[in-house]
Amino acid sequence: MHVVVCVKQIPDPAVPGELDPGTHALKREGKLILDESDSYGVEMALQLVDKAGGGEVTLVSMAPNGEVSGLRTALAMGAAKAILVSDDALAGSDALSTAKVLAKAVERAGSVDLVLAATESSDGYTGTTPAQMAELLGWPSLTFAKQVDVAGGTVTVQRQTEAGYDVVEATLPAVVSVTAGVVEPRYPSFKGIMAAKNKPVDTVTAADLGLAADAVGWAGARQRITQVAPAPAREAGERIEDDGESFQRVVAYLEDLKVV
Amino acid sequence: MRFAFTDDQIAFRDAVRDLLANECPPAVVRAAWENADGRSGAAWGALAEMGVLGAAAPESVGGLGLSVLDLVLITEETGYAALPEPFVEHALVAVPALPDPTAAAAGTEVVTAALGGAPVAPYAATADAVLTEEDDALVLVSRADLRVEPEPGVDGSRRPGWISWDAAATLGDAGARAAALDRGALGAAAQLVGLTRRMLDLTVAYVQDRNQFGAPIGSFQAVKHRLADARTALEFARPLVYRAAWSVSVGDPDAPVHVSMAKALASDAATLTAQQTLWCHGAMGYSFEYDLHLFMKRAWVLAAAWGDAAAHRARVGRAVL
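Residues numbered from 1 in each chain as written. Chains lettered and ligands numbered in written order. Predicted model: local features only at pLDDT ≥ 70, side-chain atom pairs only at ≥ 80, totals over all residues. Heavy atoms only, no water.

Caption draft 1: Representation of the overall build of chain B in the model. Along the backbone of chain B there are eleven helices and nine strands. In terms of overall size, chain B behaves like a compact globule, its C-alpha atoms giving a radius of gyration of 19 Å where 321 residues would be expected to give roughly 20 Å. Projected onto the principal axes, the alpha-carbon positions of chain B cover approximately 65 × 45 × 35 Å. Each of the 321 residues in chain B was classed as buried or not, and the buried ones make up 54%. A fraction of 69% describes how many contacts in chain B between residues 6 or more apart in sequence connect residues 24 or more apart. (Helix = DSSP H or I, 4+ residues; strand = E, 2+ residues; numbered from the N terminus. Rg over C-alpha atoms; globule rule 2.2 N^0.38 Å. Buried < 20%, exposed > 50% of the residue type's maximum accessible area, 1.4 Å probe, protein only. Contact = heavy atoms within 4.5 Å.)

Put into structure tokens, the structure is as follows:
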């Protein structure tokens, strides 16, 4: 089985991010790391290939400056190879342009049975790319998967809902987005880390994928960030003097939140 | 010549750092003070699975053949986490010397060590074997031949014990013993650097959070200067530890002197930092429920282990004069 995992390399969330004042886009010049939300997809893919008794995991990623640090992490976990799309023309790409690029990269990966992606990235949060990719590829799209099983040309997932989960299935090939926490991502082993640097990374441009320059990047984006504003400061909480009955206020508060 | 760690060495460090952040938070260190064997539980197995415990074993016996230089940043991270395990004794001192390190690499056999001083080994009562010395030779004593008398320690997790034995297997000559001793001192120095960083991180966060006279106490010079002194000591010690790791790895004839310089300065930096960070915390620093003491007490123990600062200064002195 050949599973492709879409992985995003993002600025380290531990370092405060900065927006470009002109374009309002996130600055991505420094070292990038594997988005933690993608490590679940990588782990899931490795487990599915193991279960299938053979095959391999290919990564696809789009990142500036030929960045491979995050890819190396996923390769160290056990993925076999990667396709990296890196091109100055891609700067400013919106979710749809990104989906076009990733869909072309998936086609470049050859015969693919399944594409896994995170539900959303930790730095962009649009959450639309996996479904857009599926549409461009003409493949079924299953989202919010918390469990994924593949058998007999069919993928079956437990799709997370507010109340529980739905069981949905699709024929392969398909695109599945997985939720964080579906599996426990493995730690890369030292052997894996040493092997990762010799694994092939196919670095390509938008033109290599047959994408016109005006279909991607700022030129192709149909979405503009018109304004950004800092998040409002946290407001002071409500103080309640305990008169022996204040637990009822706590219960009412939790009921309001629909926690209880 | 490139004086920087390789991408692999940085990747090893990051992998171990992530593992320890998950598997060895302060709650695990605290639990090791109270539990039966003083050890971490899951972290040891996870390190074995990652390949860390057997990394220093030669490739001919199934190891990765990594050098002390490859492992120094990892060892520093085990100090930062105050990993309650005989990590230095096992992974740095014993594994490269064992004829068959298979079980030690898998973590199923735990080897501790007592070299260069009193026959006292951490985790002596539960280890499967002890690497020690007999007539200047490097020897291995297995559990069956070992007698242990527990000794109370200031760090509740280390479980030191006096060892004596009836029979031991010789692993190497005086040269092997000296090399093992240097690996131990270097490993302790690296852990002390990690502990120093951790005590500083905890304290820098605390003094920014704790307000007095209407301002964070970290804004007062009397507090800032103490932490600046500690940071300076750390920055002087750290390059010596990395240099010593390089010297040991390439077999520099001056490696023992470099190890002693590293251990002396790392011991001093950690001891100074323990004192300064304790003061900056005020009474909080003394409380058992707060985490600082877990790192402070480990620092005190390691500053005295594998030769204290005075012993290593004396060795540098003998080499110079």
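Caption draft 2: Representation of the environment of Ala105 of chain B within the structure. All names here are of chain B. Considering the arrangement of structural elements, one finds Ala105 in helix 6 (residues 102-106). Along the backbone, Ala105 and Asn22 are 83 residues apart, and their C-alpha atoms lie at a distance of 21 Å. The contacts of Ala105, once residues within four sequence positions are left out, are Ala48, Leu53 and Gly54.

Caption draft 3: Focus on helix 3 (residues 95-108) of chain A. Residues and elements named next belong to chain A. With 14 residues, helix 3 should reach 20 Å at 1.5 Å per residue; the first-to-last C-alpha distance of 20 Å fits that figure. Residues Ala95, Ser97, Thr98, Ala99, Val101, Leu102, Ala103, Ala105 and Val106 constitute the buried set of helix 3. Looking at the buried side of helix 3, the elements it contacts are strand 1 (2-6), strand 4 (56-62), strand 5 (81-85), strand 6 (114-118), helix 4 (129-137) and helix 6 (217-220). (Expected span 1.5 Å × (residues − 1).)

Caption draft 4: Quick peek at the pattern of salt bridges. Residue and element names in this part refer to chain B. All told, the structure shown has 25 salt bridges over all chains when counted by the stated rule. The salt bridge partner of Arg231 is Glu235, with a shortest N-O separation of 2.7 Å. One end of the pair is Arg231 and the other is Glu235, both in helix 8 (residues 221-250) and four residues apart, which spans about a single turn. With relative accessibility at 46%, the residue Arg231 sits in the partly exposed group. We classify Glu235 as partly exposed; its relative accessible area is 31%. (Salt bridge = Lys/Arg side-chain N within 4 Å of Asp/Glu carboxyl O.)

Caption draft 5: Expanded view of the sheet that holds strand 4 (residues 137-142) of chain B. Residue and element names in this part refer to chain B. Spatial ordering of the open sheet is given by 1-3-4-7, a layout of four strands whose pairing is mixed. Each of the sheet's edge strands pairs with one partner strand only, and the pair in question is strand 1 (111-113) and strand 7 (169-172). Within this sheet the neighbouring strands show an average axis-to-axis angle of 35 degrees, counted without direction. Where strand 3 (residues 129-134) and strand 4 come together, six bridges link them in antiparallel fashion. Within the sheet, the bridge partner assigned to Glu134 lies in strand 4 and is Ala137. Where helix 5 (residues 87-94) meets the sheet, its contacts fall on strand 1 and strand 3, and the angle it forms with strand 1 comes to roughly 95 degrees. (Pairing = 2+ DSSP bridges. Axes fitted to C-alpha atoms, helices over the stretch in contact; angles between N-to-C directions.)

Caption draft 6: Summary view of the side chain of Glu76 of chain B. Note on placement: Glu76 of chain B falls in helix 4 (residues 68-80). Each residue touching Glu76 of chain B, except ones within four places of it in the same chain, is listed here: Ala190, Gln191, Val193, Gly194, Arg197, Arg238 and Tyr242 of chain B.

Caption draft 7: Layout of the side chain of Glu89 of chain B. Considering the arrangement of structural elements, one finds Glu89 of chain B in helix 5. If we skip the residues at most four places from it in the chain, Glu89 of chain B touches Ala94, Val111, Thr112, Ala113, Pro122, Arg158 and Trp306 of chain B.

Caption draft 8: Structural view of the interface of chain B and chain A. Facing the 19 residues of chain B at the interface are nine residues of chain A. When the two sides are added together, the surface that chain B and chain A hide from each other amounts to roughly 1,100 Å², 73% of it contributed by carbon and sulfur. Among the residues chain B hides against chain A, the three largest losses belong to Asp8, Met50 and Leu64 of chain B. Together they make up 46% of the total. Among the ionic pairs, Lys197 of chain A bridges to Asp8 of chain B, the shortest N-O distance being 2.6 Å. Counting across the interface, chain B meets chain A through four residue pairs in polar contact (both at pLDDT 80 or more). Elements that contribute at least two residues to the side of chain B that touches chain A include exactly helix 1 (7-23), helix 3 (42-50) and helix 4 of chain B. (Buried area = accessible area lost by both parts, 1.4 Å probe. Polar contact = N/O pair within 3.5 Å; in protein donor to acceptor, adjacent residues only side chain to side chain.)

Caption draft 9: Structural detail: the sheet that holds strand 1 of chain A. Residues and elements named next belong to chain A. Taken together, nine strands build an open sheet; the order of strands is 9-8-7-10-6-1-4-5-11 and the sheet is mixed. The sheet terminates laterally at strand 9 (165-171) and strand 11 (201-204), the two strands that pair on one side only. Along the sheet, successive strands turn relative to each other by an average axial angle of 30 degrees, direction set aside. Of the pairings in the sheet, the one linking strand 7 (residues 141-151) to strand 8 (residues 154-160) comprises six bridges and is antiparallel in character. Its bridge partner lying in strand 8, Val148 is registered against Val157.

Caption draft 10: Helix 4 of chain A, seen in detail. Residue and element names in this part refer to chain A. Regarding helix 4, the residues found buried are Thr129, Pro130, Met133, Ala134 and Leu137. Looking straight down helix 4, one finds that the buried residues subtend no more than 140 degrees of arc, so they occupy a single side. Buried-residue contacts for helix 4 involve strand 1, helix 3, strand 6, strand 7 and strand 10 (174-178). Remark: Gly138 follows helix 4 within two positions and exhibits a positive phi of approximately 75 degrees. (Arc of directions from axis to C-beta.)

Caption draft 11: Main features of the pairing of strand 4 of chain A. Residue and element names in this part refer to chain A. Burial runs high along strand 4: six of the seven residues are buried. Across five bridges, the pairing between strand 1 and strand 4 is parallel. Counterpart to Val4 in the pairing with strand 4 is Thr58. In this structure, strand 4 lies alongside strand 5, joined through five bridges in parallel fashion.

Caption draft 12: Focus on a nonpolar patch on the surface. Residue and element names in this part refer to chain A. On the surface, Phe247, Val251, Tyr253, Leu257, Val259 and Val260 cluster together to form a nonpolar patch covering roughly 620 Å² of accessible area. Tracing the sequence through the fold places Val260 in the segment after helix 7 (246-256). Residue class for Val260 comes out exposed when judged on its relative accessible area of 62%. (Patch = residues over 30% accessible without salt bridge, like charges linked within 9 Å, V, L, I, M, F, W, Y side chains within 5 Å. Areas by Shrake-Rupley, 256 points an atom, 1.4 Å probe, with all protein chains shown as cover.)

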